[in-house]
Amino acid sequence: MKYVLPFLMLFLGSQLWAQTGGVAVYKDPRIDLLLKKQADVNNLSTRNSSKRRTASGYRLLVISTNNKAEAIAARTKIYSNFPELKPYMWHQSPYFKVKAGNFTSRQDAQAYQKRLSAFFPGGVFIMNDIVEVNPDSSESED
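A. Summary view of the pattern of salt bridges. One pass over the structure, following the stated rule, counts six salt bridges. Asp 40 is the partner of Lys 36 in a salt bridge, and the nearest nitrogen-oxygen pair spans 3.5 Å. Residue Lys 36 and its partner Asp 40 are both found in helix α2 (residues 29-47); the two are separated by four residues, about one turn of the helix. For Asp 129, the salt bridge identified is with Arg 59, shortest N-O distance 3.3 Å. Taken together, the residues span a long stretch of sequence, with Asp 129 in strand β4 (residues 125-133) and Arg 59 in strand β1 (residues 53-65) at a distance of 70 residues. Taken individually, Asp 129 and Arg 59 each receive the classification buried, so the pair is uniform in this respect. Because the salt bridges share partners, they merge into one network encompassing Arg 59, Lys 99 and Asp 129.

B. Region of the structure containing the pairing of strand β3 (residues 95-103). Bridge count between β1 and β3: six bridges; the pairing is antiparallel. Each bridged residue has a counterpart across the sheet, and for Leu 60 the counterpart in β3 is Ala 100. When strand β2 (residues 87-92) meets β3, the two strands line up antiparallel, connected through six bridges. In the sheet register, Met 89 faces β3, and the bridge partner there is Val 98. Here β2 hands over to β3 after two residues, the two strands then running antiparallel side by side.

C. Up close: the nonpolar core. Ranked by size, the top nonpolar core spans 19 residues in total, and within it Leu 60, Ile 78, Leu 85, Phe 103, Leu 116 and Phe 120 carry the most contacts. Where this core is concerned, the elements lending two or more residues are β1, α3 (68-81), β3 and α4 (106-117). When neighbours within four sequence positions are excluded, Phe 103 is seen to be in contact with Gly 57, Tyr 58, Leu 60, Leu 85, Asp 108, Ala 109, Tyr 112 and Val 131.

D. Geometry of unusual backbone geometry. Cis peptide bonds are those with omega within 30 degrees of zero, and the linkage from Ser 93 to Pro 94 qualifies with 5 degrees. For Pro 94, the position within the fold is in the loop between β2 and β3.

E. Layout of the pairing of β1. Taken together, the nine bridges between β1 and β4 define a ladder with antiparallel strand orientation. Among the inter-strand pairings, Thr 54 is bridged to a residue of β4, identified as Glu 132.

F. Spatial organisation of the confidence of the model for the protein. On average, residues of the protein score 84 in pLDDT, and 82% of them reach the 70 mark or higher. Of all helices and strands in the protein, the one with the weakest mean pLDDT is helix α5 (residues 135-141) (45), whereas α3 scores best (95). Confidence over residues 137-142 falls short of pLDDT 50; this stretch has two contacts with residues more than four positions distant or in other chains.

G. Molecular detail of the sheet that holds β4. What the four strands build is an open sheet, ordered β2-β3-β1-β4; its pairing is antiparallel. Bordering the open sheet on either side are β2 and β4, each of which pairs with just one other strand. Neighbouring strand axes in the sheet, compared pairwise and without regard to direction, differ in orientation by 40 degrees on average. The sheet strands contacting α4 are β1, β3 and β4, and the helix crosses β1 at an angle near 20 degrees.

Conventions we followed
Residues numbered from 1 in each chain as written. Predicted model: local features only at pLDDT ≥ 70, side-chain atom pairs only at ≥ 80, totals over all residues. Heavy atoms only, no water. Salt bridge = Lys/Arg side-chain N within 4 Å of Asp/Glu carboxyl O. Helix = DSSP H or I, 4+ residues; strand = E, 2+ residues; numbered from the N terminus. Buried < 20%, exposed > 50% of the residue type's maximum accessible area, 1.4 Å probe, protein only. Pairing = 2+ DSSP bridges. Core = buried A, V, L, I, M, F, W, Y, C linked by side-chain atoms within 4.5 Å. Contact = heavy atoms within 4.5 Å. pLDDT = per-residue confidence, 0-100. Axes fitted to C-alpha atoms, helices over the stretch in contact; angles between N-to-C directions.

If you want it as structure tokens, here you go:
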């Protein structure tokens, strides 16, 4: 009796077979269009990466808050009132921080600090940071 059960299981197990065949994948053709658009955006953003440089410089810390809506409002205010400044926003848990500008000299940063403090009464602080340097403007200064 104890040999019948393993023999029966072996016999029945041999009758089971795995499925044969493949898996058919149907994809939306719009996915290819989205991938192509993203590749184009990536090419545009990295095309001039050899011309972009970084250096140590200064940025203005405009706001550091744990409210994302306040940070977005501050960034929007910089975009609308100071289009020549590039605002940077990132999340450093639990705070959202907004910095503005790419200043290579502290005097330039101080001039904008005075102008920005009228829009941000909580204080605008000059921070040491790695800034983007436009090589075209640095060549004209030399």
